[in-house]
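These are the residues of each chain, in order.
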Amino acid sequence: MISELRVRRALAAVVLAGAGLVLAGVANADVKLPAVLADHMVLQQGMAVPIWGTADAGEEVTVTFGQQKQSTKADDKGHWEVMLGALTANDKPEDLTVSGKNKVELKDILVGEVWICSGQSNMEFGIGNASNHEKEIAESNHPLIRLFAVPRAVSGKPLSDLKPQPPAAGEWLECGPKTVGLGGWNGFTAVGYFFGRDLQNDLKVPVGLIHTSWGGTPAEAWTEKSYMESDPDLKPLVERMEKSKKPDQNSASTLYNGMIAPIVPFAVKGAIWYQGESNAGRAYQYRKLLPAMIKSWRDVWHEPDMDFYIVSLANYQDPPKQPGDSDWAELREAQAMTAAQPHNGEALAIDLADANNPGDIHPHNKQDVGHRLELVALAKTYGKKVDYSGPEYKESKTDGNKVTLHFDFADGLNAKGGGELKGFQIAGEDKKWHWADAKIEGDTVVVSSKDVEKPAAVRYDWANNPEGNLYNKAGLPTVPFRTDTWPGVTEKAK
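Conventions adopted
Residues numbered from 1 in each chain as written. Predicted model: local features only at pLDDT ≥ 70, side-chain atom pairs only at ≥ 80, totals over all residues. Heavy atoms only, no water. Helix = DSSP H or I, 4+ residues; strand = E, 2+ residues; numbered from the N terminus. Rg over C-alpha atoms; globule rule 2.2 N^0.38 Å. Buried < 20%, exposed > 50% of the residue type's maximum accessible area, 1.4 Å probe, protein only. Contact = heavy atoms within 4.5 Å. Pairing = 2+ DSSP bridges. Axes fitted to C-alpha atoms, helices over the stretch in contact; angles between N-to-C directions. Arc of directions from axis to C-beta. Polar contact = N/O pair within 3.5 Å; in protein donor to acceptor, adjacent residues only side chain to side chain. Phe/Tyr/Trp six-rings, centres within 6.5 Å; stacked < 30°, edge-to-face > 60°. Lys NZ or Arg CZ within 6 Å of the ring centre and 35° of its normal. pLDDT = per-residue confidence, 0-100. Parallel < 35°, antiparallel > 145°, perpendicular 65-115°, else oblique. Left-handed = near helix turned anticlockwise from the far one by under 90°. Nonpolar A, V, L, I, M, F, W, Y, C, P; charged D, E, K, R; others polar. Core = buried A, V, L, I, M, F, W, Y, C linked by side-chain atoms within 4.5 Å. Salt bridge = Lys/Arg side-chain N within 4 Å of Asp/Glu carboxyl O.

Caption draft 1: The arrangement of the overall build of the protein in detail. In terms of helices and strands, the protein carries eleven helices and 23 strands. By the compact-globule yardstick of 23 Å for 494 residues, the protein fits well, its C-alpha radius of gyration being 24 Å. Considering only C-alpha atoms, the protein reaches an extent of 80 × 50 × 40 Å along its principal axes. By residue count, 56% of the 494 residues in the protein fall in the buried class. Long-range contacts, defined here as pairs at least 24 residues apart, represent 74% of the contacts in the protein between residues at least 6 apart.

This is the structure in structure tokens:
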């Protein structure tokens, strides 16, 4: 396996070099490493780990870490790369040495689990903004968690390295009260931190978190260009960027180029993703765009099984007075469709907005978002037997004016807080929606309405800020769904 990866990495290096995308500073004889390879980092356990950099063309370079020593020669462009064999988790710091005509020593290196944390503002949202942030920061002394914040960068072509902006970005930091609140939007990503904190606590191994996000940005900015050019529904995104006199952080591929490419091929286990608000008016396009983005990441890392876990959009704005269509509901549907694909998953934030401020697009309860993501990772990545999903719609059966809904993850269905079930809508062939009466019967829910004699479709939590209260015994909310495929507002707007 390692030799196969080594060949693929070498081929990738040749392609990059041929495109002129080599690290700066090759004219200098010194062996150099990219910014993401640095003191205090965490290397991924259980897989081949690439170490790469620049040197003089033809210069022999040797990498030593633990009991491993790997050597290679820089190619004619000065690029070199070696693959360390699969490592075992280690919470005892070790040094990593790179030797050529000079020697580079990296200190305090751990081995464990490494995750990318990416998206727009709800991922960028720093721990200093989160609920109980003073207490959380004070209790953030976790030396086995290491934090790396990718500096903001917009680029028209893939960059080969970052431009470090210490102390908050571009270097690995040991997690603690003096570091977790640095930089970004009042500190390191709150969702990423809470995810990593819970993961480290449960797995008992070091955790490395690479934060790369930018508020207000659409998914196309994080997607490699060719993956959109090959799809007629996505190609206009690239064409719009190419016609722009000054592409910015919202343009196709600019953040992939500036904030993803420079950290490749750093070995990672997976990625957590909190984004979608900026694509909410284009949900049908997002059905293709998000999978294309994920594939572009997996392909450039040469990791087809890289796990990718999505945060479904939180509730937002005032609850609806009448049932009907919703662009945010359609975006959540697109997220759920992507989450159902192999090696993907999702965590819901549908019930986590601040009740007293529904117009705030940034819920402050990032603890539960991080924890729900961690549950998904524990179950799907690490094979732990934990409840990680709320009820998921499976199928429905209609009998007269009643529709019986069946669910997966339905053990212990309940109306949270007691009382009647809320959030269900029902319609006949006239496509006119009515609030439905809903009752739990075992592991099913039966819905009906006096206004609908012959039901044709049912929806649940189909609104920007729905009020559904169907949960399972694990205390996790039901995934929003619909049984119809009628054109929604974002499809009509195409």
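Now that the structure is up, let's keep going.
Caption draft 2: Focus on the sheet that holds strand β18 (residues 433-435). The strand order across the open sheet built from four strands is β18-β17-β21-β23, with neighbouring strands paired in antiparallel fashion. Where the open sheet ends on each side, the last strands, each with one partner, are β18 and β23 (481-482). In the sheet, strand β21 (residues 457-460) pairs with β23 via two bridges, with the strands oriented antiparallel. Bridge pairing links Arg459 to Arg482 in β23.

Caption draft 3: Just the sheet that holds strand β20 (residues 444-448), in detail. If you trace the four strands from one edge of the open sheet to the other, you get β14-β15-β20-β19, paired in antiparallel fashion. Only two strands of the sheet have a single partner each, and these edge strands are β14 (392-399) and β19 (437-441). Here the average twist between neighbouring strands, direction ignored, is 25°.

Caption draft 4: Layout of helix α6 (residues 235-243). Taken together, the buried positions of α6 are Leu237, Val238 and Met241. Taken around the axis of α6, the buried residues stretch over an arc of 95°, which confines them to a single face. Counted as exposed and oriented over 90 degrees from the buried face of α6: Arg240 and Lys243. The inward-facing, buried residues of α6 abut α5 (225-229) and α8 (283-301).

Caption draft 5: Up close: the side chain of Asn344. Structurally, Asn344 is set in strand β13 (residues 344-348). A polar side-chain atom of Asn344 sits 2.6 Å from a polar atom in the side chain of Arg298. Discounting residues that sit within four places of it in the chain, Asn344 has contacts with Ile294, Arg298, Phe308, Tyr309, Thr338, Ala339 and Lys380.

Caption draft 6: Region of the structure containing the packing of aromatic side chains. Applying the stated criterion to the full structure yields 17 aromatic pairs. Centroid distance Trp273 to Trp297: 6.0 Å. Interplanar angle 90°. Geometry classified as edge-to-face. Residue Trp273 is found in strand β11 (residues 270-274), and its partner Trp297 is found in helix α8; the two are separated by 24 residues along the sequence. Trp273 gets classed as buried once you look at its relative accessible area, which sits at 0%. Trp297 sits in the buried class, given a relative accessible area of 0%. An aromatic cluster is built from Tyr393, Phe407, Phe424, Tyr460 and Phe481, whose rings are joined through pairwise contacts. Seen from the ring of Phe125, Lys366 lies directly overhead, with NZ or CZ sitting 4.0 Å from the centre.

Caption draft 7: A look at the confidence of the model for the protein. With 93% of its residues at a pLDDT of at least 70, the protein reaches an overall mean of 93. No element of the protein has a lower mean pLDDT than helix α1 (residues 2-18), at 40, and none a higher one than β11, at 99. Ignoring residues within four places in sequence, the model shows residues 1-27, a span with pLDDT below 50, making 43 contacts including any to other chains.

Caption draft 8: Here's a closer look at the packing of helix α4 (residues 190-203) against helix α10 (residues 366-380). Contact geometry for α4 and α10: axes closest at 8 Å, N-to-C directions at 45°. The angle between α4 and α10 falls in the class oblique. Both α4 and α10 take part in a crossing whose hand is right-handed. Taking contact as the criterion, the partners of Ala190, Val191, Phe194, Phe195, Asp198, Leu199, Asp202 and Leu203 in α4 are, on α10, Lys366, Gln367, Val369, Gly370, His371, Leu373, Glu374, Ala377 and Leu378. The residue makeup of the contact of α4 with α10, split by class, is ten nonpolar, three polar and four charged.

Caption draft 9: View of the packing of α8 against helix α9 (residues 327-339). Running from N to C, α8 and α9 cross one another at 35°; their axes reach a closest spacing of 9 Å. For the element pair α8 and α9, the recorded crossing hand is right-handed. In contact with Ala283, Tyr284, Tyr286, Arg287, Leu290, Pro291 and Ile294 of α8, α9 contributes Asp327, Glu330, Leu331, Glu333, Ala334, Gln335, Met337 and Thr338. Residues that form the contact of α8 with α9 fall into these classes: nine nonpolar, two polar and four charged.

Caption draft 10: Fine view of the nonpolar core. By size, the foremost hydrophobic cluster in this structure holds 76 residues, and its most contacted members are Leu43, Trp80, Leu96, Trp222, Phe266, Trp273 and Trp297. Broken down by element, the residue count for this core peaks at nine residues, all from α8. Core analysis: the second largest hydrophobic core is formed by 36 residues, Trp115, Ile137, Val205 and Leu209 among them.

Caption draft 11: Main features of the pattern of salt bridges. In total, this model carries 22 salt bridges according to the counting rule given. For Asp108, the salt bridge is made with Arg146, and the minimal N-O distance between the two is 3.0 Å. Of the two residues, Asp108 sits in strand β7 (residues 103-119) while Arg146 sits in strand β8 (residues 142-149), which places them 38 residues apart along the sequence. Overall, Asp108 belongs to the buried group, its relative accessible area being 17%. The class for Arg146 is buried, based on a relative accessible area of 2%. Arg459 serves as the salt-bridge partner of Asp325, at 3.0 Å between the closest nitrogen and oxygen. Remark: Arg459 occurs in strand β21 and Asp325 occurs in the loop between β12 (307-312) and α9; sequence separation between them is 134 residues. Asp325 sits in the partly exposed class, given a relative accessible area of 37%.

Caption draft 12: Broad picture of the environment of Asp248. Following the sequence through the fold, Asp248 ends up in the loop between α6 and α7 (254-260). Sequence separation between Asp248 and Asn465 is 217 residues, and the spatial gap between their C-alpha atoms is 31 Å. With near-sequence residues (within four places) excluded, Asp248 lies in contact with Val154 and Thr254. Looking at Asp248, its side chain comes within polar contact range of the main-chain nitrogen of Asn250, at 2.8 Å.

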